[in-house]
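Per-entry structural report
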Amino acid sequence: MTPGKLDPRREEGTVRLTMETRDEILRTMAGAYRKATKREKGRILDHVVEVTGYNRAYASHRLQLYGKRLFLRDCGGRQVILEAERKKPVKRHERKRIYGPEVEKELVKIWRIMDYPCGKRLAAMLTWLVPKLEHHGELSFGPETREKLLSISAATIDRMLEQRKKRMRLKARSVTKPRTLLKQKIPVRTFADWDEARPGFMEMDMVAHEGGNSSGEFAFTLNLTDVSSGWTELRAVKNKAQRWVFEALELIRNRLPFPLLGLDSDNDSAFINHHLYDYCQKEDITFTRSRPLKKNDNCFVEQKNWAVARRAVGYARYDTEEEVRIMNELYDVLRLYVNFFQPSAKLVSKERIGSKVIKHYDTPKTPCQRLLESSRVDEATKNVLRQTYEALNPADLKRRIDRLKIKLERCHKKKREATEAALREPYFV
């Protein structure tokens, strides 16, 4: 059938045009349609729909795209039009950078010294940290760079460090074994039971270092975290025996900058025992426990398990006395670094709006800062904290921590190699 010739098929007396004829009509009208006003487009569409029999939306689509190159995109097995014509890219005038490479270089150095905190925490500590590091000779830059560092926002910090964070991207395991003895005597703690504005009420937990193999004996870390200030103390023990846990607890208690008023634990047998229960009764220490399988009851210490313990020693299996000794050397330095130089934000309030919960946090502060601001801490203790802070260099502490991490890693590697060598030796019966 030649173009323009009528299709012999008819529907109720209506003449059906061939595809070639319809295409010719669209070609003729497309240019005028694109240039026309809205009212004129409506008249052209009326005419095209009447002549071709197309649906009005389809006719508009064909007229708009006729003769243009189409770029397709694969969407779930079918191709759809991405755009009718690639437009020339719009030239955008880039804003002049306020924080140049010299600021970024110093910011990255501070970020590494402070163990890679988020932007909000780093921005909150820059006002007192920059003078501290300058005093110890760790930083040296001009007044312009210094001014920019002290005024940089948390969002800008996160934006500048985004690519480095992506390149630095482990899985928690639980070995808690509940014990039914004494559970009826030890009350379940609720948030109304403690005065959380007063330092001394602490949550405690055990971090297992079994390396994915829970057979035999392996080391644990006893973690105590103060609810009010966030003060954190860690101590490695060679197993969960009550004797070692109790020794570690007493050592931690003796070096706390405030009196120990309360202990809250999970239902682990390392804590739920007569030895610790009688000790708390004798020393007038409030002893409570969380509900079974409710980790959020111990939220303050649980978050420190990863943020402090796991980040320091990782997830390897530690089961020798040498490894436990090195871990405690590391924790002795880490406690100063975390409690005097690592700020954290505390939840102030929660607001529910429909299905969303909006949380409000206070300004990030270090545990030392929170104790110095507390009216419940005596002036003598505050003076000791100030003197300790003045004598410490956070960059030097970070270097010591890194050296002890390497020492622990080498000790673990040496042990693993010795074990593998022993397994390769022939065995004779």
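Please refer to the structure higher up on the page.
Rules used in this analysis
- Residues numbered from 1 in each chain as written.
- Predicted model: local features only at pLDDT ≥ 70, side-chain atom pairs only at ≥ 80, totals over all residues.
- Heavy atoms only, no water.
- Helix = DSSP H or I, 4+ residues; strand = E, 2+ residues; numbered from the N terminus.
- Buried < 20%, exposed > 50% of the residue type's maximum accessible area, 1.4 Å probe, protein only.
- Areas by Shrake-Rupley, 256 points an atom, 1.4 Å probe, with all protein chains shown as cover.
- Salt bridge = Lys/Arg side-chain N within 4 Å of Asp/Glu carboxyl O.
- Phe/Tyr/Trp six-rings, centres within 6.5 Å; stacked < 30°, edge-to-face > 60°.
- Pairing = 2+ DSSP bridges.
- Right-handed = clockwise from strand over helix to strand, strands pointing away.
- 1 Å grid on protein atoms, 1.4 Å probe; cavity = no way out; pocket = protein on both sides within 12 Å on 5 of 7 lines; lining within 4 Å.
- Points joined across faces, edges and corners; volume = space filled by probe spheres on them.
- Nonpolar A, V, L, I, M, F, W, Y, C, P; charged D, E, K, R; others polar.
- Contact = heavy atoms within 4.5 Å.
- Axes fitted to C-alpha atoms, helices over the stretch in contact; angles between N-to-C directions.
- Core = buried A, V, L, I, M, F, W, Y, C linked by side-chain atoms within 4.5 Å.

Counting its secondary structure elements, the protein chain contains 14 helices and 11 strands. Across the 429 residues of the protein chain, 42% fall into the buried class. Working note: accessible area of the protein chain is about 26,400 Å², and carbon and sulfur atoms make up 51% of it.

A separate point is the pattern of salt bridges. For the structure on display, the rule yields 28 salt bridges. Between arginine 164 and glutamate 104 there is a salt bridge, and its shortest N-O distance comes to 3.0 Å. Of the two residues, arginine 164 is situated in helix α7 (residues 154-166) and glutamate 104 in helix α4 (residues 101-113); the sequence distance between them amounts to 60 residues. For glutamate 104, a relative accessible area of 18% corresponds to the buried category. Residue arginine 386 pairs with glutamate 379 through a salt bridge whose shortest N-O separation is 3.3 Å. Since its relative accessible area comes to 36%, arginine 386 is described here as partly exposed. A single network of salt bridges, built from pairs that share partners, joins Glu233, Arg235, Arg255, Asp332 and Arg335.

The description of an aromatic ring pair uses the distance of the two centres, along with the angle that the planes make with each other. Here the structure, examined in full by the defined rule, presents eight aromatic pairs. Ring centres of phenylalanine 341 and tyrosine 389 lie 5.6 Å apart, and the angle between their planes is 35 degrees; this geometry places the pair in the tilted category. Within this pair, whereas phenylalanine 341 is found in helix α11 (residues 321-341), its partner tyrosine 389 is found in helix α13 (residues 379-391), the two being separated by 48 residues in sequence. Each member of the pair phenylalanine 341 and tyrosine 389 is classed as buried.

Here four bridges tie strand β8 (residues 262-265) to strand β9 (residues 286-289), and the two strands are oriented parallel to one another. Looking at β9, one finds that leucine 263 is bridged to phenylalanine 287. Chirality of the crossover, the property in question, places the unit of β8, helix α9 (residues 274-282) and β9 among those that are right-handed.

What follows deals with the layout of surface pockets. Taking a probe equal in size to a water molecule and rolling it over the atoms shows the remaining empty space. Reported here for the largest pocket is a volume of approximately 1,200 Å³. Along the wall of the largest pocket there are 40 residues; nearest its centre are Cys299, Gln303, Lys304, Ser344 and Ala345. At the level of secondary structure, the elements contributing two or more residues to the lining of the largest pocket comprise β6 (220-226), α10 (299-313), α11, β10 (347-353), β11 (356-361) and α14 (394-424). Of all the elements, α10 adds the most residues to the lining of the largest pocket, at nine residues. Here the residues of the lining of the largest pocket sort into 19 nonpolar, eight polar and 13 charged.

As for its position among the elements, arginine 22 is in helix α1 (residues 19-35). A relative accessible area of 10% means that arginine 22 is categorised as buried. Not counting residues up to four positions away in its chain, the partners in contact with arginine 22 are Arg16, Leu17, Thr52 and Tyr54.

The strand order across the open sheet built from five strands is β7-β6-β5-β8-β9, with neighbouring strands paired in mixed fashion. Looking at the sheet topology across the chains shown, the edges are occupied by β7 (232-237) and β9. Direction aside, the axes of adjacent strands within the sheet are offset by 20 degrees on average. Alignment of strand β5 (residues 201-208) against β8, held across three bridges, turns out to be parallel. Considered in β8, the bridge of methionine 202 is made with leucine 263.

What follows concerns unusual backbone geometry. Look at aspartate 115: it is not a glycine, yet its phi comes out positive at around 65 degrees. Checked against the element boundaries, aspartate 115 lands in the loop between α4 and α5 (119-135). Assessed through its relative accessible area of 15%, aspartate 115 is described here as buried. Phi is positive for aspartate 284, which is not a glycine, with a value near 60 degrees.

Ranked by internal contacts, the top residues of the largest apolar core, which has 84 residues, are Ile110, Leu263, Leu276, Leu334 and Phe340. Of all the elements, α11 adds the most residues to this core, at 12 residues. Not counting residues up to four positions away in its chain, the partners in contact with leucine 276 are Met204, Phe246, Leu249, Phe271 and Phe287. Leu26, Ala30, Val48 and Tyr54 belong to the second largest nonpolar core, which has 10 residues in total.

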